[in-house]
Amino acid sequence: MLTAIYAILVMIGLGMMFGLLISFANKKWSVEVDPRIHEVDEVLPKGQCGGCGYPGCMAYAEAVVMNPNVPPNLCTPGKDAVAKQVAEITGKKAEAMETVIAFVRCAGTYEKAIRTGEYKGVKDCVSANILVGGDKGCTYGCLGYGTCVKVCMFDAMKMSPEGIPVVNPDKCTGCGKCATVCPRTIITLTPPGVMVKVNCNSHDKGAIVRKHCKAGCIGCGMCSKDCPYGAIVIDNFLAVVDSKICLEKCSDPVCLTRCPTKVIRPAIWGVVPGKELREEIKA
Amino acid sequence: MSEYFLLFMGAAIVNNFVLTRYLGLCIFFGVSKNFHASSSMGLAIISIMTMSSMLTWTIEHFILLPLGLYFLKTIVFVVVIAVFVQILEMVIKKFMPTLYNVWGIYLLLVATNCVILGVPLINAEANYNFLKSTVNALGSGTGFAIALILFASLREKLQFSDVPKSIEGLGIAFILAGMLALAFQGFSGMIPL
Amino acid sequence: MFRKIKGGVHPHDEKQSTEDKKIEFMPIPQKLFVPVHQHIGQASIPVVAVGDMVKKGQLIAETADGRGTPVHAPTSGKVTELGNYPNPIYGSSLCVVIESDGLDEWQENLLTTRNYENLTPEEMIDIIFKNGIVGMGGAAFPTHIKLAPPKDRHIDTLIVNGAECEPYLTSDHRTMMEYPDDVIKGTLIAMKILGVSKCYLGIEINKPKAIALMLEKCKGTPIEVVELETRYPQGAEKMMILAITGKEVPSGKLPMDVGCVVQNVGSLKAVADAVEKNIPLIERIVTVAGKTVKDPKNVMAKLGTPFSELFKYCGGFTGKNGKLIMGGPMMGQAQVNIEAVIVKATSGIVTISEKDVDYVPERACIRCGRCIEACTMHLMPSTLSILSEKGQHQTAQTDYNLMDCVECGCCYYVCPSRRNIVHYIRQSKAKNAMVRNAIKTGSK
Amino acid sequence: MEPKETTANIQKPEKLVITSSPHIHDTESVTKIMWIVNLTLLPAAIFSVINFGIPALVTMLLCIAGSIACEAAIQYWRKKEITVSDGSAVLTGLLLAMCLPPGIAWFVPLIGAFAAIAIAKHTMGGLGYNVFNPAHIGRAFIMASYPVAMTTWAVSRIGNNGDFAGAISKIGTLDAVTAATPLGILKQQGYDALVSSFGGQMEMYQALLIGNRGGSLGETSSILLILGGLVLIAKKYIKWQVPVAMIGTVGILTWAFGGKAGLFTGDPILHMLSGGLIIGAFFMATDMVTTPMTTKGQIIFGIGCGLITVLIRLYGGYPEGVCYSILLMNAVTPLIDRYIFPVKFGALPEPVKRS
Amino acid sequence: MNLWKEFTKGLIDENPIFRLALSLCPALAVTSNVYNALGMGLTVMFVITCNNMIVSTFRNVIHPKVRVPVYIISIATIVTVAMLTLEAFFPILFKELGIYLALVVVFAIILARAEVFAAKNKVIPSMIDGLGMGAGFTLGMLVIGTIREMIGNGSFMGYQILGSWYQPPLIVILAPGGFIVIGFIIGFMNLSEERKKQKKEKSEIAAGGTI
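Residues numbered from 1 in each chain as written. Chains lettered and ligands numbered in written order. Predicted model: local features only at pLDDT ≥ 70, side-chain atom pairs only at ≥ 80, totals over all residues. Heavy atoms only, no water.

Enquirer: Got a minute to help me understand unusual backbone geometry in this structure?
Expert: In this model, Tyr232 of chain C is joined to Pro233 of chain C through a cis peptide bond whose omega is 0°. With respect to the helices, strands and loops of the structure, Pro233 of chain C is situated in the loop between strand E11 (223-228) and helix H6 (237-245). One non-glycine residue with positive phi stands out, namely Lys79 of chain D, at about 60°. Topologically, Lys79 of chain D is positioned in the loop between helix H2 (54-77) and helix H3 (88-98). Looking at Lys79 of chain D, the relative accessible area reads 76%, which means it is exposed. (Helix = DSSP H or I, 4+ residues; strand = E, 2+ residues; numbered from the N terminus. Buried < 20%, exposed > 50% of the residue type's maximum accessible area, 1.4 Å probe, protein only.)

Below you can see the structure in the form of structure tokens.
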């Protein structure tokens, strides 16, 4: 019985002592950290992709809370939903953000484009590119070693068996990581709904393009003439589409039909450009 | 003197906390992914282990034993250590921010951990005096830190290996720990305890 | 006497096929494709248009930013096209295509006779700049910049690089053998420009004839001929300075920071021609060698001559080619296209037969440490390659001195696992540069 | 994905290979190194067959076959290139066999080979990635598993009188006589008993050097192992500093602390020549994969091995500590590599910070 | 039905040892034979269930700021009770488990379940959750214990299963073997999951048409 009383007393005594100590310490020595940082961090998708321009999700969370000039809509993978939440937490105004996805501006598959040499070395586009431009005849085209595929954190890119990466529009968040690592800046970020995209990046003259690749833009300017809205211009032997005009005004893209090399056309996930092209011609 | 030295060496190497006593494995596997974290953690463990061992010995011998409350030791030790670490963390955060940045975050991690609680319990079981418990705690902490740092550097090297996918991460960490324990087997029987 | 460098390798030098062959002047090919980008720095801008008639030595491209070098017409003829053609350094670049008229006429009033002793250093630097001279050892660094270091650097030593440590190449050797007086004159000009009194000419001891000749010719001049151990990469600037003066160029610094300027013998010959006769850099000596070349030669070729023409001149091939290299086999660049052309930095073109390419797939690093011993920059190449393989390019730079690597290739040469360490290192450098550029331009 | 041969691809008559510089290579390769190390071990292996008869050969073959089979099976299963012909698995098997007592039960070498190849080597990814020396992991594994079998030694057939011809003539026979290793006798019965078992100090040294004594398969003949090691040093596959550092440390420390009569009364020659020290110092501590990369680091490695060996031999529970010392130093290798690195060319005064 | 789910999730999907990598110390320390492993597993099961019950009962009373100390005290009390019980009825087991029994107090799995589940749910589901997790833990312990005892000693629960021809590698019941065995078990679990995933993906590819 005595032991029981002692036990209770000791427990109560220790409990009180420690309780007091802790509360005292808490009052005296606690250091404040803005809890909103953690809240924002929780909201972010934790891809750590760096698409926001900060070295990681936590860094962005800190910046967006502490710095009033950092907008809440920088997280591209999170899209509007996250931007809204971040804005709510930080009390900032969320502006609508443009959704974009990656687009590969090359259709030079193994079949279409010449490989002049036989590259042996690290399977990486940057590595191949530093060796006098790699083994592809076209100096603008995709080297096909999949550096972009490797850096994609969202599993949205795959290398097709024909040597050109394809983007899955459902998974692509538009973080732009692939675009930064591409040594030939073939990948651009475009709005997903655009009907007309130019699948080529070559500023070479038509004759040279033809020599290297059967699927390149030769800069003939037919599409530019066809487009009633003036959305396509030829810049240094390459057709360039203003996707904004295209998206807003055009419903019936006539430019697609006349392109002699079929380089202007919508890109569809899951279908290799080469095959898709064949089907299109058949139809 | 040599008695204390042997106790220290025994606790640190021969009866290594992780590799032969299987204590603190959560920290061992959790923190060793990063070399820097593990070296800070090692330091944190050594100091907290020693201090909490001193504290618990005092409480055990001046409160629990005289009152015949030996069976309460688990509860009391846990609470004492938890509170002590909590306060230590606050103090360091407030007064030594640089030190806090180095190993502050690990303090709370170890608060309720078997390595820290294990030492006072072992001390109590072996009935060591104050100095011996302190030396034992110091040795155990050092042994833990050595194993942790070695293990972390090994794991860092393994990052550059071609580990089969299925045992990547925890699996290979266990196998590696097994091999490290195998190497530590060489010390077995060195100091009879 | 010779001095030693630490590390390095000693590959078979394979120079016997061409070292005793006199320089031959190659007939001018039908078409010359003169790239406007032949040096380190920004590409030059063409100043001629399609259809223009140009004369030999006429300026055809002007520098874009004043830091590069101008380009001159190698022969007289008609400009038929401005377009992208293969460039052995940059893959492809804008080329001025000149159809030779076969006359090879100099531009009027271009050639003069001057005596360098009557010219000031500034005038001479201007002449060198206008005549488009670059480092002809392979780096293609504009010579006028190298010879005009900032005023706060005190230069006390000029080192003339006649080491030619790369296997196969003999163009510098032949330059010394056949134009010793021009080399010495160029050296004296460079000494006058730099205002130095000390000058060393370093030659590896596998070229005894050149050493003997230069020793004799240098009598009475302030140039001291230094015999160097045969060891690759003795001809690299930093190694040369170490071997001759015993000074280490601090990491991240330039030779001028230890008071040295290194010039290649070929460049000095070009300097002498430019200063004394006002001849621009329009042709150079090229060693054409390799196991598959029927008749290896040292050829004086016009800039812009396609490699294929050179090989034709050397009798064609005896077997199938595996690789075509511009430069030596240790640091040269493998070429995709046999239509690539001679540029100012082409010291040689070397073929490797299909049989000898024997590309062995690389294996895991076995950590033998041979590359660490061979590394002349005292780095840890194996670690760098592993970091690069695993994508940790930043760590390689911050912790393992990635940027100090001079890409001499000794690490790959000795690697028993056949890891192309140099390629990994170049990959890391390229990727880090991309990250830096991305940060600089502020894009995502 | 290889490009298909299409009309587009074969427009050019020949395709040039492009790789990064350099384009030439010396003649060394992993395969060559491994087979030469195997060859240098061969004399000692042959001696062990003479000394211990066919059982030694059987053990060796079992180890090697086990290693090769294990490596091939794992590489097949992981769909990697099967590289058993590069000699590394053979080397692991041979080294493992060299550390086993002759005539050990048939399944023990197989378990050892499995531990060495499957656990130590291929969980990390194979040659070049392993952290611990596979052969020694194999040995430590079976040492812990079958302590009795691992300490049952066969008697030397050459014997104290150096009867080579006799040993060769009865090479195929089996013998049940067991004997202790010199270090075992030293641990259990003391130094004097050890000397008397050989019949004199000089005889003991001679036996240790030539190898007509009991012990593990391959560790008895110090002289043949040293010769093999010298070949490796001459071929520049290993650095002389490592064995010298390791054996020297053991010598000095055992001389200082090995004697019962006080400081500097130990017998360093006994310790330097006995046990697995020679084979460990020349063939295990110089293993490229599991030791530091820089020469300085390797010397530290050697000294550390020597230190731990002496610690275990003099104060530990086992008579022999070379195996564990090398394993422990293997664990320290990443730390050594982290802090010991060459000073770069033209290094600036301020030290480089590592993360 | 729902309760059944709460119970089964702890067995495999969220197995405390192999999946959550919690409570690794006892998984190694007391699994050299099945008997100890079972004893430890049941003890933990008891503690976790009781603790979940207590915590969820008082979940609305405990101030969130002091919840962790309260949980710890609650766990420590239950463990002490369990220890005293074991000491009285299973003295051999108590001795074998030794210090690890006291260390049940700081098993991360128990605190984690209190925090994650019991503090937010009603009493019955909390108890079921505790039972499930405890069962999962026991299962894990049993698997490791069986493998180690079978290979390392040729026996099960002390009964010799494999004949005298079997010469067990002792290492499996020693520390290094314990680590390696768990490493391989984790590997095999991952492998089977990987296979499952691959199969799923393959069937998806067959059904879909994407590359």
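Still to come is the rest of the account.
Enquirer: Please explain the interface of chain D and chain C as it appears in this structure.
Expert: Frequently, the measure chosen for interface size is the accessible area removed from exposure when the parts meet. Chain D puts 48 residues into the contact, and the matching count from chain C is 63 residues. Both sides of the chain D and chain C interface together cover about 4800 Å² of buried area, and 57% of this is carbon and sulfur. Across the salt bridge formed by Asp26 of chain D and Arg370 of chain C, the nearest N and O atoms sit 3.7 Å from each other. Listing elements by their share of the side of chain D that touches chain C, those giving two or more residues are strand E1 (16-18), helix H1 (30-52) and helix H16 (322-339) of chain D. Here the side of chain D that touches chain C is built from residues that sort into 21 nonpolar, 15 polar and 12 charged. (Contact = heavy atoms within 4.5 Å. Buried area = accessible area lost by both parts, 1.4 Å probe. Salt bridge = Lys/Arg side-chain N within 4 Å of Asp/Glu carboxyl O. Nonpolar A, V, L, I, M, F, W, Y, C, P; charged D, E, K, R; others polar.)

Enquirer: Would you explain the sheet that holds strand E4 (residues 53-54) of chain C in this entry?
Expert: Working definition: the strands of a sheet are paired by backbone hydrogen bonds and lie parallel or antiparallel to each other. Residue and element names in this part refer to chain C. With antiparallel pairing, 4 strands are arranged side by side in an open sheet as E2-E8-E7-E4. Only two strands of the sheet have a single partner each, and these edge strands are strand E2 (31-35) and E4. With 5 bridges connecting them, E2 and strand E8 (residues 91-100) associate as antiparallel partners. In the sheet register, Leu32 faces E8, and the bridge partner there is Ile98. (Pairing = 2+ DSSP bridges.)

Enquirer: Just to check I follow, could you spell out the packing of aromatic side chains for this structure?
Expert: We describe a pair of aromatic rings using the distance from one ring centre to the other and the angle between the two ring planes. As enumerated under the stated definition, the model contains 19 aromatic pairs over all chains in all. The interplanar angle of 15° and the centroid separation of 4.4 Å between the aromatic rings of Phe28 of chain B and Phe151 of chain B together place this pair among those described as stacked. Of the two residues, Phe28 of chain B is situated in helix H2 (residues 25-31) and Phe151 of chain B in helix H7 (residues 130-158); the sequence distance between them amounts to 123 residues. Since its relative accessible area comes to 0%, Phe151 of chain B is described here as buried. Seen from their ring centres, Tyr318 of chain D and Tyr324 of chain D are 5.2 Å apart, and the 20° between their planes marks the pair as stacked. Among the aromatic residues, those joined into a cluster by ring pairs are Tyr22, Phe28, Phe29, Phe151 and Phe174 of chain B together with Phe179 of chain E. Residue placement shows Lys269 of chain C over the ring face of Tyr179 of chain C; its charged tip is 4.4 Å from the ring centre. (Phe/Tyr/Trp six-rings, centres within 6.5 Å; stacked < 30°, edge-to-face > 60°. Lys NZ or Arg CZ within 6 Å of the ring centre and 35° of its normal.)

Enquirer: Even after reading the chapter, I still don't get the arrangement of the chains, so can you show me in this structure?
Expert: Take the 9 pairs of chains in contact: the one carrying the most contacts is chains C and D. Separated throughout, chain C and chain E approach each other most closely at a C-alpha pair spaced 23 Å apart.

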